[in-house]
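Residue-level structural notes
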Amino acid sequence: MGKVRVIISNHQKAVKIPTGVRMLVRRCCNAVLQLEQFPHSAEISVVFVDNAQIQELNRKYRGKDMPTDVLSFPMGENGEYEINHDTDAVILGDVAISMEKAVEQAQKYDHSLEREIGFLTAHSVLHLLGYDHEQGGIDRVRMREKEEQVMTQLGLPSSSSYVLDEE
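Everything numeric in this text was worked out from a predicted model, so none of it was measured.

1. Details of the side chain of S124
By the secondary structure assignment, S124 is in helix 4 (residues 113-128). Setting aside residues no more than four positions away along its own chain, S124 makes contact with V70, L71, S72 and V95.

2. Focus: the pattern of salt bridges
The final tally for this structure, using the stated rule, is 7 salt bridges. Ionic pairing is found between E104 and K101, a salt bridge with its closest N-O pair at 3.5 Å. Remark: K101 and E104 occur in helix 3 (residues 99-108); sequence separation between them is 3 residues, near one turn of the helix. By relative accessible area, K101 is classed as buried at 18%.

3. A few points about the nonpolar core
Of all hydrophobic cores here, the largest spans 40 residues; its most connected members are V25, L33, I44, F48 and L92. Those elements that provide at least two residues to this core are strand 1 (4-10), helix 1 (21-35), strand 2 (42-49), strand 5 (89-98), helix 3, helix 4 and helix 5 (137-153). Apart from residues no more than four positions distant in its own chain, L92 is found in contact with L33, F38, A42, E43, I44, F73, P74, M75, G76, Y81, L128 and L129. Counting residues in hydrophobic clusters, the runner-up holds 5 residues, among them V47, V49, I54 and A96.

4. Re the confidence of the model for the chain
Residue-level pLDDT values for the chain average 92, and 95% of them are 70 or greater. Throughout residues 161-167 the model reports pLDDT below 50, and contacts reaching past four residues in sequence, or to other chains, amount to 8 contacts.

5. Here we look at helix 4
Between its first and last C-alpha atoms helix 4 spans 22 Å; for 16 residues at 1.5 Å apiece the expected length is 22 Å, and the two agree. Most of helix 4 is tucked away, with 15 of its 16 residues classed as buried. With its phi angle positive at about 105°, G130 sits one or two positions after the end of helix 4.

6. A look at the environment of K146
Turning to its location among the elements, K146 is positioned in helix 5. For the pair formed by K146 and L126, sequence separation is 20 residues and the distance between their alpha carbons is 8.4 Å. Excluding residues within four positions of it along the chain, K146 makes contact with L35, E36, L126 and Y131.

7. A short note on the packing of aromatic side chains
Overall, the coordinates contain 2 aromatic pairs when judged by the stated rule. Ring geometry for F38 against Y81: centres 6.1 Å apart, planes inclined by 80°, an arrangement best described as edge-to-face. Residue F38 is located in the loop between helix 1 and strand 2, and its partner Y81 is located in the loop between strand 3 (70-74) and strand 4 (82-84); the two are separated by 43 residues in the primary sequence. A relative accessible area of 8% places F38 in the buried class. Ring geometry for Y61 against F73: centres 5.2 Å apart, planes inclined by 70°, an arrangement best described as edge-to-face. Remark: F73 occurs in strand 3 and Y61 occurs in helix 2 (residues 51-62); sequence separation between them is 12 residues.

8. A word on the environment of G79
Topologically, G79 is positioned in the loop between strand 3 and strand 4. Note on G79: relative accessible area 56%, which makes it exposed.

9. Structural notes on the environment of I44
Residue position: I44 is located in strand 2. Note on I44: relative accessible area 0%, which makes it buried. In this structure the C-alpha to C-alpha distance between I44 and R59, which are 15 residues apart in sequence, comes to 23 Å. Ignoring any residue separated from it by four or fewer positions in sequence, one finds I44 in contact with R5, V6, I7, C29, L33, L92, G93, V95, V125 and L128.

What counts and how
Residues numbered from 1 in each chain as written. Predicted model: local features only at pLDDT ≥ 70, side-chain atom pairs only at ≥ 80, totals over all residues. Heavy atoms only, no water. Helix = DSSP H or I, 4+ residues; strand = E, 2+ residues; numbered from the N terminus. Contact = heavy atoms within 4.5 Å. Salt bridge = Lys/Arg side-chain N within 4 Å of Asp/Glu carboxyl O. Buried < 20%, exposed > 50% of the residue type's maximum accessible area, 1.4 Å probe, protein only. Core = buried A, V, L, I, M, F, W, Y, C linked by side-chain atoms within 4.5 Å. pLDDT = per-residue confidence, 0-100. Expected span 1.5 Å × (residues − 1). Phe/Tyr/Trp six-rings, centres within 6.5 Å; stacked < 30°, edge-to-face > 60°.

This is the structure we're talking about:
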């Protein structure tokens, strides 16, 4: 695996970003790419937003007029990616995390905000690499196993069994 550049920005004021979260996001991105044996240098952009911002993105790009926890915008298709010619890094795509939803879900699932942000980051990076859970079945189970493997590796294991929400 080559060098991984994670560009993180905060576009919301609803939730204070805890100390160490930016490093956690970088570690999650690296852990997923390592797990997947991604052979190239890579760039990932992560932006923290509020519920109104993520609702707008969800409406605009998915036709769902409601806030969600995280959205992934992959730059690649079928293993083909754009390259940043200044760095020769593969541009994997963009991730938007709703900090308000992350706080809500951390409380709902009774775990730390750090674990929730880590989970959402791992989930999104898997999407950037082409994983999809929308159809359910074995793909959904495989994706969840990989997310939990990364969380355990980073010292943020699940405190209980997970629930698959049916939306």
